[in-house]
Amino acid sequence: MGISGNVSCLVLLVGLALSSLIVGSYAGNFYQDFDLTWGGHRPKIFKGGQLLSLSLDKVSGSGFQSKKEYLFGRIDMQLKLVAGNSAGTVTAYYVRIQRNKNIYLSSQGPTHDEIDFEFLGNVSGDPYVLHTNIFTQGKGNREQQFYLWFDPSKNFHTYSIIWKPQHIIFLVDNTPIRVFKNAESLGVPFPKNQAMRIYSSLWNADDWATRGGLVKTDWSKAPFTAYYRNFNVIDAKSSKSFSDSQPSWQTNALDAPSRRRLRWVQKYFMIYNYCTDLKRFPRGFPAECRN
């Protein structure tokens, strides 16, 4: 989360931290699959477990996390982001070995692994910034940022992470936007040994999120609310469901149409790539940037 953009400072983070495996393809229920972990009355589950909302006001944000942990697979979540003036907010979706407030897949501890989607809020009329990052053995700083080709606050859209020993793929509505390849041969750690849990949170980050903290959260617009639905997991442990039933870009190397979509996104919508930031890395780019 070290790169700030022309966005607002409200932070919604959804975290996916992987520790154990799910079997097969599973359409989730928020009552069964997640715990509302903080925020008092602000996080809510509706419609028999099919819809979840997180809210932020001046007193507190809110968050949830998965009951299970996962190691490899595909995770999908549909989100509808904070509408209107969401400056100062961040909406994130990630997997990690536990951390705080994001949607992320993550593990825990000083050598934690984490795979992040973070949506940096906007002033009305300005686009959201989608911020992605990957932590391995406690080290992140692998940021890539994108504008989206739609308004993510108008309707639900699907944000996915495919995590395999060979690579990590970020997808938006099944369009690949980023591929992080296993570069252990170059001495770069890759998250493959620590299972992770799924996290999400909505919180105030107006000290950094919008224009480096220059634009503050407008609390007269509170509460700020984001919505989640259609959580789904495909477990790598079930090789048939994960490998045979999915297009090749979901499981192996990207096929030609998927590579074209990836190039399209990175040409027209990428606004920051740490692998091209000469000011940040005057002595040479990180080793994985050559992979």
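Residues numbered from 1 in each chain as written. Predicted model: local features only at pLDDT ≥ 70, side-chain atom pairs only at ≥ 80, totals over all residues. Heavy atoms only, no water.

Trainee: Which residues make up the overall build of the chain, and what values go with them?
Mentor: A tally of regular secondary structure across the chain gives four helices and 18 strands. Taking the contacts inside the chain whose residues are at least 6 apart along the sequence as the reference set, 72% of them involve residues at least 24 apart. Of the roughly 11800 Å² of accessible surface on the chain, a fraction of 50% belongs to carbon and sulfur atoms. (Helix = DSSP H or I, 4+ residues; strand = E, 2+ residues; numbered from the N terminus. Contact = heavy atoms within 4.5 Å. Areas by Shrake-Rupley, 256 points an atom, 1.4 Å probe, with all protein chains shown as cover.)

Trainee: Residue-level account of the side chain of Ser-153, with values.
Mentor: On the secondary structure map, Ser-153 appears in the loop between strand S12 (144–147) and strand S13 (157–163). Among the residues examined, Ser-153 registers a relative accessible area of 11% and is labelled buried. The residues contacting Ser-153, other than those within four sequence positions of it, are Lys-80, Leu-81, Val-82 and Ala-83. (Buried < 20%, exposed > 50% of the residue type's maximum accessible area, 1.4 Å probe, protein only.)

Trainee: I'd like a description of the pattern of salt bridges, backed by residues and values.
Mentor: Counted according to the given criterion, the structure contains seven salt bridges. Here Arg-42 ties to Asp-57 by a salt bridge, and the two come within 2.9 Å at their closest N and O atoms. Separated by 15 residues along the polypeptide, Arg-42 in the loop between strand S3 (34–38) and strand S4 (44–46) and Asp-57 in the loop between strand S5 (51–56) and strand S6 (62–70) bring together distant segments of the chain. Close ionic contact of Arg-74 with Asp-76 constitutes a salt bridge, the shortest N to O distance being 2.8 Å. Its relative accessible area of 4% is what places Arg-74 among the buried residues. (Salt bridge = Lys/Arg side-chain N within 4 Å of Asp/Glu carboxyl O.)

Trainee: Go over the layout of surface pockets, please, and point to the residues and values.
Mentor: Approximately 430 Å³ is the volume found for the largest pocket. In terms of residue class, the lining of the largest pocket is built from nine nonpolar, six polar and four charged. Reported here for the second largest pocket is a volume of approximately 190 Å³. Lining the second largest pocket are 15 residues, with Asn-122, Gly-125, Asp-126, Asp-151 and Ser-153 positioned closest to its centre. In the lining of the second largest pocket, the residues fall into seven nonpolar, five polar and three charged. (1 Å grid on protein atoms, 1.4 Å probe; cavity = no way out; pocket = protein on both sides within 12 Å on 5 of 7 lines; lining within 4 Å. Points joined across faces, edges and corners; volume = space filled by probe spheres on them. Nonpolar A, V, L, I, M, F, W, Y, C, P; charged D, E, K, R; others polar.)

Trainee: With reference to specific residues and values, describe the confidence of the model for the chain.
Mentor: When the pLDDT values of the chain are averaged, the result is 83; 80% of them are 70 or greater. Note that residues 1–11 has pLDDT below 50 and, in this model, 87 contacts with residues that lie over four places away or in other chains. Overall, residues 99–103 carries pLDDT values under 50, and its contacts beyond four positions in sequence, including any with other chains, amount to 51 contacts. (pLDDT = per-residue confidence, 0-100.)

Trainee: Give me the packing of aromatic side chains: which residues, what numbers.
Mentor: Tallied over the full model, the rule gives 18 aromatic pairs. Between the aromatic rings of Phe-117 and Phe-170, the centroid separation amounts to 5.3 Å while the plane-to-plane angle is 80°, which identifies the pairing as edge-to-face. Placement of Phe-117 in strand S10 (residues 114–120) and of Phe-170 in strand S14 (residues 167–172) is noted, with a sequence separation of 53 residues between them. On the basis of relative accessibility, which here comes to 0%, the residue Phe-170 falls in the buried class. Chaining the aromatic ring pairs together yields one cluster made of Phe-30, Phe-34, Phe-64, Tyr-228 and Phe-231. (Phe/Tyr/Trp six-rings, centres within 6.5 Å; stacked < 30°, edge-to-face > 60°.)

Trainee: Please give an account of unusual backbone geometry that cites residues and values.
Mentor: Residues other than glycine predominantly adopt negative phi, and peptide bonds predominantly adopt the trans conformation. Residue Ala-222 is joined to Pro-223 through a cis peptide bond whose omega torsion reads 0°. In the Ramachandran plot, Gln-137 falls in the positive-phi region, its phi being about 50° despite a non-glycine side chain. The topology assignment puts Gln-137 in the loop between strand S11 (129–135) and S12. In this structure, Asn-141 is a non-glycine residue whose phi angle is positive, near 60°. Checked against the element boundaries, Asn-141 lands in the loop between S11 and S12.

Trainee: Mind laying out helix H4 (residues 256–268), listing which residues take part and the relevant values?
Mentor: Here H4 spans 18 Å end to end across 13 residues, near enough to the 18 Å set by a 1.5 Å rise per residue. Listed as buried for H4 are Ser-258, Leu-262 and Val-265. One side of H4 carries all its buried residues, which in axial view fall inside an arc of 65°. Seen from the buried face of H4, the exposed residues on the opposite side, beyond 90 degrees, are Arg-263, Lys-267 and Tyr-268. (Expected span 1.5 Å × (residues − 1). Arc of directions from axis to C-beta.)

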